[in-house]
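Structure assessment
Letter by letter, the chains look like this.
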Amino acid sequence: MTTITPFAAGSYTTTRNTTQLLALKNQLNTLSTQLSTGLTAQTYGGLGTGRSTALSAQSTLSALTGYAAGITAAQTRTQVAVTSLTQVATLGSSTQTTLENGSQSTAVNSTASKTLAQNNLEAALDALNQSAGGSYLFGGSNTSTQPVVDADKILNGTTDSSGNTLAGLKTVVSEQVTADLGAGSNGRLTQTSPGGTTPTGTTLSTTQVGITEDTSARSTPAFGFALAGAPTTTGSALTTTYTPAASGSPASFTVNVATQPAVGDNMTLTLNLPDGTSTTLTLTAAAAADTNSTTSFAIGGDASATATNLSATLNNALKSAASSTLTASATARAATNFFSASGATVAAGTAPLRVTTDANGEPSYTPGKATDTVIWYQGEDGNSDPRSTQSVQVSATSTVQTGVRANETPIANVLAGLATVALGMPSSSDTNATAIYNAVSSRAQTLLSSTDTSPSVQDTVTELSLASTRLSNAATTNTATQNTLQNTLDGIEQAPTEEVATKLLDLQNRLQASYQITASLSKLSLVNYIS
């Protein structure tokens, strides 16, 4: 008799038992792998319906890890930048305080202020060259180039690799001061003494004093003093005639000593400076006066002698004002001009301005070039917001801006203020030290106020501090999100050890029992059954 094996008696039961044993064996292997690896499955396909959630979580976790690395680096850069800018602000504020508290009558404080300012300037320049992680902080988007030239080169100039002599700040300031003072060291004014001749050739009487301004005083930008108008007088002895500038002709005035003035009669002259400020000179008649006086003129034996004395005192006053107020103004203007330049502006041919003088002694401005002038800032420059030059992605939809440029106006003003003090303060032997100190102090304090007068260096510190806070907040949020996603992912991918061990033990027991039963059944025969 022929038997079809798959359909023979007992074959279905045998096949089913075999299938069940194989299934149990596969479950045993799976549980053993889970116990040894701690993972639910070795492939995403083995996760079943949880695979899409796991893939999404893994992608987000990977992005969060990248954000964390960027945030950590940005926090370091931002914190170093805040520290450096705080130091710049402190250096400016300490110099300003020294000027405010300085005794203006002693040359000792002038020397101390000068030394302090130069030290602070060098320290501020060094602070602007700080780097973090091999990247410079104050060059905008350019992080590979040292943003600020070394202090010695800035002050004293240097020679470039092509052999060109590059003028430093001291030379630029000296050029401006010399041009503003003029050959007579009186602010480029032409003074005619009694009995002299005016520039137009008219002979003055022995009782007249003439003043004519230089045509460059009304150029743009101007040099030297400009007459603000006719002098004012008290009493009837002094009379003035004023001729305003017209058709390119300079302004001028004449003072006539009509009769002998009384003690206390005076003349007040207002002079405009190129920076938009003005200074006032008041000359008062006195019974006697020192020949070096800048404020009083002696009443002479007659009107002619009095006019001569008035002319001498006016000359003293003009030179004193030029050496103090005008020189301080020139120093501050030159320093501000110098620190407003950058590699980008020079490439555009707009800055810094250098002063040149023609054969007739007439000054004019010429745009400086990288081949003749030290360009102090070498970083990236542009019209964009400096903060936007560096940014870090902190989430899928958010960035934090942390850029800063060393040549931002408040920073450049502080540097110019420090330079004004360092280069403008008088020496201990200067006879006009007090006036110079006052003038330099006034100009420098205006620039140094950029440490905390908005827009200020402190504003930049605040912006970067807020950026640092945003970075910290983003890091905290990302960490919380990361923990939540990791827990979710662990719930899908990780196999609970205790649960797997329990299942494995149960499965082993079941499989062992199945093997024993199968073995017993395999030994059954009709003989064994009958017996």
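The sections below set out a description of the structure shown in this document. (Residues numbered from 1 in each chain as written. Predicted model: local features only at pLDDT ≥ 70, side-chain atom pairs only at ≥ 80, totals over all residues. Heavy atoms only, no water.)

1. Focus: the overall build of the protein
The condition that has to hold: Going along the chain from the N terminus, every DSSP run of H or I of four or more residues is numbered as a helix, and every run of E of two or more is numbered as a strand. A simple rule labels every residue: compare its accessible area, found with a 1.4 Å probe on the protein chains alone, to the largest value its type can have, and call it buried under 20%, exposed over 50%, or partly exposed in between. Any two residues having at least one pair of non-hydrogen atoms within 4.5 Å are treated as being in contact. Note on areas: these come from Shrake-Rupley sampling with a 1.4 Å probe, and a residue is covered only by the protein chains present in the view.
Regarding its fold elements, the protein presents twelve helices and 17 strands. In the protein, which comprises 531 residues, the proportion classed as buried is 43%. If you take every contact in the protein between residues at least 6 apart in sequence, the share linking residues at least 24 apart comes to 65%. Element-wise, carbon and sulfur atoms account for 52% of the exposed surface of the protein, whose accessible area totals about 25300 Å².

2. What about the packing of helix 8 (residues 409-424) against helix 9 (residues 433-448)?
Short version of the rule: For every element, the axis is a line fit to its C-alpha atoms; helices are fit only across the contacting stretch, and the angle between N-to-C directions ranges from 0 to 180 degrees. Angles below 35 degrees are treated as roughly parallel, those above 145 as roughly antiparallel, those between 65 and 115 as roughly perpendicular, and all remaining angles as oblique. The handedness criterion is simple: a crossing whose near helix is rotated anticlockwise from the far helix by less than a right angle is left-handed, and one whose near helix is rotated clockwise is right-handed. Charged residues are taken to be Asp, Glu, Lys and Arg, nonpolar residues to be Ala, Val, Leu, Ile, Met, Phe, Trp, Tyr, Cys and Pro, and polar residues to be all remaining types, Gly included.
Contact geometry of helix 8 with helix 9 gives a least axis separation of 7 Å together with a crossing angle of 165°. One element, helix 8, and the other, helix 9, form an angle in the roughly antiparallel class. Between helix 8 and helix 9 lies a crossing whose hand is left-handed. Within the contact between the two elements, helix 8 uses Asn413, Val414, Ala416, Gly417, Leu418, Thr420, Val421 and Gly424 and helix 9 uses Ile436, Val440, Ala444, Leu447 and Leu448. When its residues are assigned to classes, the contact of helix 8 with helix 9 shows nine nonpolar, four polar and no charged.

3. Overview of the packing of aromatic side chains
Quick note on the threshold: Here is the rule: rings of Phe, Tyr and Trp (six-membered ring for Trp) pair when centre to centre is within 6.5 Å. Planes less than 30 degrees apart are stacked, more than 60 are edge-to-face, and the remainder are tilted.
Applying the stated rule across the entire model yields four aromatic pairs. On the numbers, 4.6 Å between centres and 20° between planes, the contact of Phe223 with Tyr365 is stacked. Placement of Phe223 in the loop between strand 6 (208-213) and strand 7 (226-227) and of Tyr365 in strand 15 (residues 363-367) is noted, with a sequence separation of 142 residues between them. Connected via pairs of aromatic rings, a cluster forms that spans Phe338, Phe339, Trp376 and Tyr377.

4. Points about the pattern of salt bridges
Put simply, the rule is: Here, a salt bridge means any side-chain nitrogen of Lys or Arg that lies within 4 Å of a carboxyl oxygen of Asp or Glu.
Tallying each qualifying case throughout the model produces eleven salt bridges. Between Asp275 and Arg443 there is a salt bridge; the shortest N-O distance is 3.0 Å. Taken together, the residues span a long stretch of sequence, with Asp275 in the loop between strand 11 (266-272) and strand 12 (278-286) and Arg443 in helix 9 at a distance of 168 residues. Looking at Asp275, the relative accessible area reads 30%, which means it is partly exposed. Put simply, Arg405 and Glu380 hold a salt bridge, and the shortest N to O gap is 3.0 Å. Of the two residues, Arg405 is situated in the loop between strand 17 (399-401) and helix 8 and Glu380 in the loop between strand 15 and strand 16 (391-393); the sequence distance between them amounts to 25 residues. One exposure class covers both Arg405 and Glu380, and it is buried. Salt bridges sharing partners connect three or more residues here, namely Glu175, Arg354, Lys369 and Asp372.

5. A short note on empty space enclosed by the protein
In plain terms, the rule: For each structure, a 1 Å grid was placed over the protein atoms alone; sets of points admitting a 1.4 Å probe that cannot get out are labelled cavities, open sets with protein on both sides within 12 Å along at least five of seven lines are labelled pockets, and lining residues have an atom within 4 Å of a point. Grid points are joined across faces, edges and corners, and a volume is the space filled by probe spheres set on the points.
Counted by the stated rule, this structure contains one cavity of 30 Å³ or more. One number sums up the size of the largest cavity: a volume of about 80 Å³. If you go around the largest cavity, the residues you meet are Arg77, Thr78, Ala81, Tyr136, Leu137, Thr143, Gln390, Thr402 and Val404. Sorting elements by how many residues they give to the lining of the largest cavity places helix 2 (residues 51-101) first, with three residues. Classifying every residue of the lining of the largest cavity by side-chain character gives four nonpolar, four polar and one charged.

6. Focus: unusual backbone geometry
Of note, the bond from Thr220 into Pro221 is cis; its omega dihedral lies within 30 degrees of zero at -10°. By secondary structure assignment, the location of Pro221 is in the loop between strand 6 and strand 7. Between Ser454 and Pro455 the backbone carries a cis peptide bond, its omega angle lying at -5°. Its identity is not glycine, yet Ser185 carries a phi of approximately 55°, on the positive side. Tracing the sequence through the fold places Ser185 in the loop between helix 5 (169-181) and strand 5 (189-192). Given the relative accessible area of 36%, Ser185 is considered partly exposed. Unusually for a residue other than glycine, Arg188 sits at a positive phi of about 65°. Counting through the fold element by element, Arg188 comes out in the loop between helix 5 and strand 5.

7. Overview of the side chain of Thr373
Position of Thr373 relative to the elements: it lies in the loop between strand 15 and strand 16. Ignoring sequence-local partners within four residues, the contact set of Thr373 consists of Leu166, Ala167, Val172, Pro352, Arg354 and Gly368.

8. What about the environment of Gln130?
You can see Gln130 is positioned in the loop between helix 3 (107-127) and strand 1 (131-132). Residue Gln130 is classed as partly exposed on the basis of its relative accessible area of 35%. It is 9.8 Å that separates the C-alpha atoms of Gln130 and Val148, two residues lying 18 residues apart in sequence. Residues in contact with Gln130, not counting those within four places in the same chain, are Val80, Ser84, Ser135, Tyr136 and Leu137.

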